[in-house]
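Each chain is listed here by its residues.
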Amino acid sequence: MANINMDHIRSLMGTPTNIRNVCVVASHDHGKSTLTDLLLSAAGIVSSTTTSHVDVDEHVAETLRPTITIKSKSAPVLYRIPENESLPGDAATGNRDFLINLVDSPGHVDFSSEVTPALRACDGALVVVDCVEGVVIHTETVLRQALAERTIPVVAINKLDRTFLELQLQPEEMFQCFQRVIDNVNAVHATYQDPSVPNHKVSPDNGTVAFCSGLHGWAFTVDQFARMYSAKFGIDEDTLVERLWGDNFFNAEERKWHKHAEGGERAFCELILKPLQKVIEMAMNGKIQELETMLASMGVMLADEDRQLQGKYLVDRVLRKWLPAEQALLRMLVHRLPSPVCAQKYRVDALYQGLMDDVAATAIRNCDPGGPLMIYVSKLMPQTDTGRFIAFGRVFSGTAKTAGHVRVMGSNYVPGEKLDLYVGNLKQLLLMMGTKTEPIETVPCGNIIGITGIDQFLIKSGTLTDLENACPIKGMKYSVSPVMFVTVDPVNLPDLPKFIEALKKLVKSDPLVHCSITECGEHVVAGGGDLHLETCIQGLQDDFLDGVPIKISAPEVYYRETVAGIEDARQNGVCLSKSPNKHNRLFIYAEPFPEGLASAIEENKINPVDNFKQRAKILASDYGFEQEVARKIWAFGPDTVGPNLFMDATKGVLYLDEIKDFVVAAFQWVTKEGVICEENMRGLSFYFYDCVMVADSIHRGAGQYIPAARRAMMGAQIMADPRLMEPIYLVQIQCTKSAVQGTQEVLGRRRGRVLKESQHPEIPLCNIEGYLPVSESFGFVADLRSSTMGQAFPQSVFDHWSLMDGAPFVRDERIIGLVSRIRERKGLKTELPDLDQFLDRL
């Protein structure tokens, strides 16, 4: 590692206007880690002769997937603005040095859960897009995640070397290719942008788009060429930037500008792409003298060893000297992305749970280093040498100090209560340097931080503060959810205690992985995809078990329970259940959600902490609920935030407050374990229709109402036509024309459905988009490549839950076999329960 000036970094950490916290996001294989590595090598964080796949992910066994970034990592990069350039508007007066905290995140869809914690700690996102493949489904996913966290995106259109050397496109074809990428990014941006965030449409003429080749180390922006041409044309730089992009045409002979193609060549092609093309052609053809003459006019000189290079090696050397990638990209990040001081003004209401005028919110909004300490820990990173974890997070206000005393609020903490609330000390503060760390005494607000000594209080994430009455920072919403799982158990029973401890560490180490124990005593590890599960199991074996032998089942898929609904459920679907002492009677019925409501709850657009009047108004106007009933939502479930509702539809019933907690407890239980096969419920509304309570309060305890309410809800589910839902992938497949039929056949065999087909505009490939059930995705890639002779390349991302064909309680053959297998695996009777077990008679 190169020598890094730590004192300089520490001084810049105290100047939040000169800090940029940037997350690099992209789809897999778009060149994100290569580009990040280039920037880190310029800062001396990694060696220029190695790749980030080794330096940034060395703790992951490389035999698994040697070209995939699996864990997000942060490192500081220093950048100094040249004296002849202006400073950003909010930069500290006269200070030209900037600290960029660069976070590299995974690009594979199975590791999307690592992207959200990285984005929470950042204010800007560098979105890397392959100029040939364009915006694919996972690019949309990570961009949507960035916008949900209110981070400002800029774009790096990567792999330009392919358009010049491999595809040999004409300049106009390149322009159309780049324009299509930018339009697609802006379309996603317009769809998901939060209205409270400053509008930030990306375009080359406002400096938010860079064109680069990460592999070969060169890049440029339009304003970079505008500075070069400004003196030559005698035109103001800002005016020239606008003319170098879009429908602006330049006549070289007349040296005049036009708005129509008849007037000359497109300026971007004539003044940027053609000079690039000419340099590349000279280098490839070995025209050294002509090349040196042209480079000399641009202030670039070749060394003696450069002249000995040939072909692509000479192209790389020339373009790196002329257009070094780190200069163009770092300049764009500094000038076009916000500082913490600017960003926290519009991020605070999306971050802080409390009132927007209290002390903590004000300190976050102002990025006040003298205010109360507010740190959000977005994930825990294992320390392989100690067995403990580093808490990775962001200081939003105040100043963190070594050995400082803090309140630790876990993800389950509720203001005013003591659950998941602890008191601890910040044992050591760390500056993250890729896989390395540097101890530091104090960290002011606006910086990314590593902390040791508090991991025992946190499961995955949480808030640290020194303010007694501060509310926590809001939890994160992930773009993926655990949809598949394996059962894992130790081979030897004496290893069970060590195995359970290893599972606890695995849960801490990954933001998404979930571990549980079935009634049969099996240990379940759930993840976001087969590769994610494979990585988690390998991490469990290599990092936490120290050689303890384990047995692993084949992966299986989670399902959800719901109802199809019946006509007039209020009359035909009410289930009566009596308490064990027969003195109390509950009447409950169930209905399915209107379309879109479950997704709105999962995306946190509708949640339990909303103002109940405003929430009722939205439910009434957008989803057709009765406003009076919608005002009386008792609970969301499961886990108090899930996509199911319990509503009070009773009229004139007294003392309901006495039994509310008992009924809600039963509701949480039922939505966690439905009647079909004890899977989580999704998209159900339970209505409390009526209640008959005994006068003596001694007969109205939890032991009477929890079992009765649970039976009533399970009976109501059976009466409302219960169904199963399965998770569905959105699949995007690139294949040759000859492989289209084979691709469609593979999707058809696996219950998939083709949505659309299109011809790729730049390369002779077809794009196929379709839906594929997650349960059919095991072995899908191998099957697809076998059927197409390796000419099809799929990407998949979780898209939605879909209602399965067949009703379990009418013994439909299409579904009953699956239900029986799930019930048998969970140790339940394979026969479905009868309605008479839940429905009592008057």
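Draft legend 1. Quick look at the overall build of the protein. From N to C terminus, the protein includes 27 helices and 35 strands. In summary, the protein has a C-alpha radius of gyration of 30 Å against a globular reference of 28 Å for 842 residues, a match within 12%. Its C-alpha atoms put the protein at 100 × 65 × 60 Å along the principal axes. Sorting the 842 residues of the protein into buried and exposed places 58% on the buried side. Relative to all contacts within the protein whose residues are 6 or more apart in sequence, the contacts with residues 24 or more apart total 73%. Of the accessible surface of the protein, which amounts to about 35,100 Å², a share of 49% is contributed by carbon and sulfur atoms. Averaged over its 85 positive side-chain charges, the protein has a centre that lies 2 Å from the centre of its 107 negative ones.

Draft legend 2. Seen up close, the sheet that holds strand β10 (residues 265-266). Pairing is antiparallel across the open sheet formed by 3 strands, whose spatial order is β9-β8-β10. Of all the strands in the sheet, just β9 (256-258) and β10 have a single pairing partner and so form its edges. Sheet analysis places strand β8 (residues 249-251) next to β9, joined by 3 bridges and oriented antiparallel. In the strand pairing of β9, Phe249 is matched with His258.

Draft legend 3. Highlighting the side chain of Gln734. The topology assignment puts Gln734 in strand β32 (residues 722-735). Under the relative-accessibility criterion, Gln734 is labelled buried at 11%. Within the structure, Gln734 has its side chain in polar contact with the side chain of Asn767 (distance 3.4 Å). Leaving out residues up to four positions away in the same chain, Gln734 has contacts with Glu133, His760, Leu765, Cys766, Asn767, Gln791, Ala792 and Phe793.

Draft legend 4. Structural context of the sheet that holds strand β3 (residues 97-104). Strand order across the open sheet formed by 7 strands is β2-β3-β1-β4-β5-β6-β7, with mixed pairing between neighbours. Each edge of the open sheet carries a strand with a single partner, namely β2 (73-80) and β7 (218-220). Each adjacent strand pair in this sheet contributes to an overall mean axis angle of 25°, direction not counted. Judged from the 3 bridges that link them, strand β5 (residues 152-158) and strand β6 (residues 209-213) form a sheet pairing that is parallel. Residue pairing across strands places Ile157 opposite Phe211, the latter belonging to β6.

Draft legend 5. Structural context of the environment of Met681. Following the sequence through the fold, Met681 ends up in the loop between α23 (656-672) and β31 (684-692). In the structure, Met681 is positioned 181 residues away from Ile500 in sequence and 28 Å away in space, judged by C-alpha atoms. Residues within four places of Met681 in sequence aside, it is in contact with Arg560, Glu561, Pro638, Asn644, Val670, Thr671, Gly674, Phe686 and Gln717.

Draft legend 6. Representation of the confidence of the model for the protein. For the protein, mean pLDDT is 88; residues scoring 70 or higher make up 96% of the total. Ignoring residues within four places in sequence, the model shows residues 49-66, a span with pLDDT below 50, making 39 contacts including any to other chains.

Draft legend 7. Highlighting the packing of helix α7 (residues 171-192) against helix α10 (residues 267-284). Remark: α7 packs on α10, axes separated minimally by 10 Å, with the N-to-C direction vectors making an angle of 110°. By the angle between their directions, the pair α7 and α10 is classed as roughly perpendicular. The two elements α7 and α10 meet at a crossing, and its hand is right-handed. When α7 is examined against α10, the residues Pro171, Glu172, Met174, Phe175 and Phe178 are found in contact with a partner set consisting of Phe268, Cys269, Leu273, Lys274 and Gln277. When the residues that make up the contact of α7 with α10 are grouped by side-chain class, the tally is 7 nonpolar, 1 polar and 2 charged.

Draft legend 8. Quick peek at empty space enclosed by the protein. Applying the stated criterion across every chain, the model contains 3 cavities of 30 Å³ or more. Of the voids in this model, the largest cavity is the one considered here, and its volume is about 50 Å³. The space that makes up the second largest cavity amounts to roughly 40 Å³. Together, Val109, Asp110, Val480, Gly528, Tyr729, Ser796, Val797 and Phe798 line the second largest cavity. Among the residues forming the lining of the second largest cavity, the class breakdown is 5 nonpolar, 2 polar and 1 charged.

Draft legend 9. Looking closely at the environment of Asp690. As for its placement among the helices and strands, Asp690 is situated in strand β31. Taking the relative accessible area as the measure of exposure, Asp690 reaches 30% and is therefore partly exposed. Between the C-alpha atoms of Asp690 and Met374, which are 316 residues apart in sequence, the distance is 46 Å. Those residues in contact with Asp690, other than ones at most four positions away along the chain, are Arg585, Leu586, Phe587, Thr650 and Val653.

Draft legend 10. A look at the state of the cysteines. One pass over the full model with this rule turns up 0 disulfides. Not part of a disulfide, Cys131 finds its nearest cysteine sulfur in Cys177, a span of 5.1 Å.

Draft legend 11. Just the pairing of strand β1 (residues 19-26), in detail. Burial analysis of β1 places 8 of its 8 residues in the buried class, which makes it a mostly covered element. Of the two faces of β1, the one holding Ile19, Asn21, Cys23 and Val25 and the one holding Arg20, Val22, Val24 and Ala26 are both buried throughout. With 5 bridges joining them, β1 and strand β4 (residues 124-130) adopt parallel strand pairing. Looking at the pairing, Cys23 lines up with Ala125 of β4.

Draft legend 12. Geometry of the nonpolar core. Formed by 114 residues in total, the largest nonpolar core has its most connected members in Val525, Phe686, Phe688 and Met713. Sorting elements by how many residues they give to this core places helix α24 (residues 702-719) first, with 9 residues. Formed by 78 residues, the second largest nonpolar core is a distinct cluster that contains Ala125, Val142, Met174 and Ala226.

Draft legend 13. Broad picture of unusual backbone geometry. With an omega dihedral of 0°, the bond running from Gly637 to Pro638 counts as a cis peptide bond. You can see Pro638 is positioned in the loop between β29 (633-637) and β30 (644-648). Although it is not a glycine, Ala403 adopts a positive phi angle of roughly 70°. Within the secondary structure, Ala403 is located in the loop between β13 (399-401) and β14 (405-410). Taking relative accessible area as the criterion, Ala403 reaches 55% and is therefore assigned exposed. Of note in this structure, Asp420 is not a glycine but carries a positive phi near 60°. Note on placement: Asp420 falls in the loop between β14 and β15 (421-425).

Draft legend 14. Region of interest: a negative patch on the surface. Together, Asp205, Asp236, Asp238 and Glu242 make up a region of like negative charge exposed at the surface. In this structure, Glu242 sits in helix α9 (residues 237-243). You can call Glu242 exposed: its relative accessible area is 53%.

Draft legend 15. Quick peek at the pattern of salt bridges. Per the stated rule, a full pass over the model turns up 42 salt bridges. For Glu85, the salt bridge is made with Arg227, and the minimal N-O distance between the two is 4.0 Å. Pair noted here: Glu85 is in the loop between β2 and β3 and Arg227 is in helix α8 (residues 222-233), with a separation of 142 residues, a long-range link. The salt bridge partner of Arg711 is Asp840, with a shortest N-O separation of 3.1 Å. Here Arg711, found in helix α24, pairs with Asp840, found in the segment after α27 (813-825); they are 129 residues apart in sequence, far enough to count as distant. Assessed through its relative accessible area of 22%, Arg711 is described here as partly exposed. Overall, the relative accessible area of 15% leaves Asp840 in the buried class.

Parameters at a glance
- Here the residue index of a chain counts from 1 through its sequence in written order.
- At least 70 in pLDDT is required for a residue's local features to be given in this predicted model, at least 80 for side-chain atom pairs to be given and counted, and no such filter applies to totals for whole chains, interfaces and linings, which use all residues.
- Computation of side-chain values covers all heavy atoms of the structure but excludes hydrogens and water.
- A helix here means a DSSP run of H or I that spans at least four residues, while a strand means a run of E at least two residues long, and both kinds are numbered starting from the N terminus.
- Atoms considered for the radius of gyration are the C-alpha atoms alone. The globule rule reads 2.2 Å times the number of residues to the power 0.38.
- Relative accessible area decides the class of each residue, using a 1.4 Å probe on protein chains only: under 20% of the type maximum gives buried, over 50% gives exposed, and in between gives partly exposed.
- A contact between two residues is defined here by any heavy atoms of the two lying within 4.5 Å.
- Per-residue and other accessible areas follow the Shrake-Rupley method at a 1.4 Å probe size, with only the shown protein chains counted as cover for residues.
- Working convention for charge: Lys and Arg count positive, Asp and Glu count negative, and His plus the chain ends are omitted.
- One atom stands in for each charge, and that atom is NZ of Lys, CZ of Arg, CG of Asp or CD of Glu.
- Strands qualify as paired when DSSP identifies two bridges or more between them.
- Pairing of N or O atoms within 3.5 Å defines a polar contact, subject to two protein rules: one partner must be a possible hydrogen donor and the other a possible acceptor, and residues neighboring in sequence count only if both atoms are side-chain atoms.
- Think of each axis as a best-fit line through the C-alpha atoms, taken over the contacting stretch in the case of a helix, with angles from 0 to 180 degrees between the N-to-C directions.
- Per-residue confidence from the predictor is reported as pLDDT, a score between 0 and 100.
- Note on angle classes: values under 35 degrees are labelled roughly parallel, values over 145 roughly antiparallel, values of 65 to 115 roughly perpendicular, and the remainder oblique.
- Take the far helix as your reference; a near helix turned counterclockwise from it by less than a right angle gives a left-handed crossing, and one turned clockwise gives a right-handed crossing.
- Lys, Arg, Asp and Glu make up the charged group, whereas Ala, Val, Leu, Ile, Met, Phe, Trp, Tyr, Cys and Pro make up the nonpolar group; the residues left over, Gly among them, are polar.
- Every definition here rests on a 1 Å grid over the protein atoms only: cavities are sets of points where a 1.4 Å probe fits but cannot get out, pockets are open sets enclosed by protein on both sides within 12 Å along at least five of seven lines, and lining residues have some atom within 4 Å of a point.
- Grid points are joined across faces, edges and corners, and a volume is the space filled by probe spheres set on the points.
- Cysteine sulfur atoms are paired as a disulfide whenever they come within 2.5 Å of each other.
- In plain words, nonpolar cores are sets of buried Ala, Val, Leu, Ile, Met, Phe, Trp, Tyr and Cys residues tied together by side-chain atoms within 4.5 Å.
- A patch is a set of surface residues, each over 30% in relative accessible area and not in a salt bridge, joined within 9 Å for like charges and within 5 Å for the nonpolar side chains Val, Leu, Ile, Met, Phe, Trp and Tyr.
- The salt bridge definition used is simple: a Lys or Arg side-chain nitrogen within 4 Å of an Asp or Glu carboxyl oxygen.

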